[in-house]
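# Geometric and topological summary
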Amino acid sequence: MHNQGLSSYHPPERLLLGPGPTNMDARVLAALSRPVIGHLDPSFQEFMEDLKTKLRVVFQTNNAMTLPISAPGSAGMELCLRNLLSPGDTAIICVNGVFGQRMCENVRRADAVCITVEDDWGRPIDPQKLEDTLRKHPEARLVGCVHAETSTGVGSDVRTLASIAHQYDCMIVVDAVTSLGGMELRVDDWELDAVYSGSQKCLGCTPGLSPVTLNERALHYIRNRSEPVRSWFLDVNLLSGYWQPDQRRSYHHTAPVHTLFALHEACILLLNEGLENAWERHAAAHRMLKAALDRCGMEFAVAAECRLPQLNAVRIPDGVNDAEGRARLLQDFNIEVGAGLGVLAGKIWRVGLMGPNACRASIDRLLPALQSLLPG
Ligand SMILES: *Cc1c(COP(=O)(O)O)cnc(C)c1O
């Protein structure tokens, strides 16, 4: 045993222009150094109610069951699929990238049957294909889809997908991890039954929380399940004993109080700005990125009509090596961009402009860094 190497860890200051996490506003960072408080303290209980109220506005919903799960976005995905499926149920999952595939894996691990509606990586989900699949599978109970597919930079029309799912009497689960706060999302108007997100993307908060919202239809199913949810930690019936004021606020798990403080602060910043204004700021940053790429002779990898403003799939320019290029951005410029995944590995970089990074200053730092990589 030795006690060498006891210096604190101070990470380098990176500009995080990848698929998340993104940089945090100083106010969000400051919230992380406030005093510790017990997770059952009366003051904390008031805070929980306020945080839930703010999350409802962010999600554009009146759903009573709107709460942050104490784990990252993937836990929100698992919560929705585990609670809304029972073994033997059939779910139809729309897949056009990594996160659709991850939903399928979750369906299978819930011992449910997974039918896929597939589109090419880099294309949105075709609503007609969903309708055809629903017609072929009248036994299906649930549809899952990703609003903003972070692996490809493509947005799908979840409002239309939801209305089709409902015509066939299916509930819809929507992955809004990368969309919440960065583009239009209206849970109630679009009649989305279960939606999960993540704290570290367009909300500009620390990684580690998954805001989730469930409507009455989803809750009705969960409360009347014939067998318990096959996850103790993510069982909504148990979680509501802690998060819902009409219950006794009994101990379920120790809530990560500081990350919740940070999320609360991030919501304040977002609501102060106004949701619509934040969506427009992300769109404006995307247009600035396009102008910068034009100046470098670089191109987007997906069609204009389905591009996400907050996650840009950019073709790696000819003559530039994928890993070397990203390493130089990181080492020489302290800028992180994301690698391509799956079939897009080695072909694209994923440039995130999320939360506080959706601004002119990000583009002004990225443009000269990209230019320095170009051959000639
Ligand atoms: C990041 C992401 C997730 C997973 O979130 P984690 O916080 O990494 O668990 C799920 N879906 C989409 C679309 C994402 O971008």
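Residues numbered from 1 in each chain as written. Predicted model: local features only at pLDDT ≥ 70, side-chain atom pairs only at ≥ 80, totals over all residues. Heavy atoms only, no water.

As a further point, take the sheet that holds strand S11 (residues 311–315). Picture the strands of a sheet paired through backbone hydrogen bonds; they go either parallel or antiparallel. Strand order in this open sheet of four strands is S1-S12-S13-S11, and the pairing throughout is mixed. What marks the edges here is a single partner per strand, and that holds for strand S1 (15–17) and S11. Mean inter-strand twist for the sheet, computed between neighbouring axes without regard to direction, equals 35°. When S11 meets strand S13 (residues 348–352), the two strands line up antiparallel, connected through five bridges. Residue Ala313 lies in a different strand from S13, and its bridge partner there is Arg350. The strands that helix H11 (residues 322–333) touches are strand S12 (335–339) and S13; relative to S12, the one it contacts most, it runs at about 160°. (Pairing = 2+ DSSP bridges. Helix = DSSP H or I, 4+ residues; strand = E, 2+ residues; numbered from the N terminus. Axes fitted to C-alpha atoms, helices over the stretch in contact; angles between N-to-C directions. Contact = heavy atoms within 4.5 Å.)

In this structure, the largest pocket spans a volume of roughly 380 Å³. Along its surface, the largest pocket is lined by 15 residues, and Pro12, Glu13, Arg14, Leu16 and Asn23 are the ones closest to its centre. Considered class by class, the residues forming the lining of the largest pocket number nine nonpolar, three polar and three charged. What the second largest pocket holds in volume is close to 220 Å³. (1 Å grid on protein atoms, 1.4 Å probe; cavity = no way out; pocket = protein on both sides within 12 Å on 5 of 7 lines; lining within 4 Å. Points joined across faces, edges and corners; volume = space filled by probe spheres on them. Nonpolar A, V, L, I, M, F, W, Y, C, P; charged D, E, K, R; others polar.)

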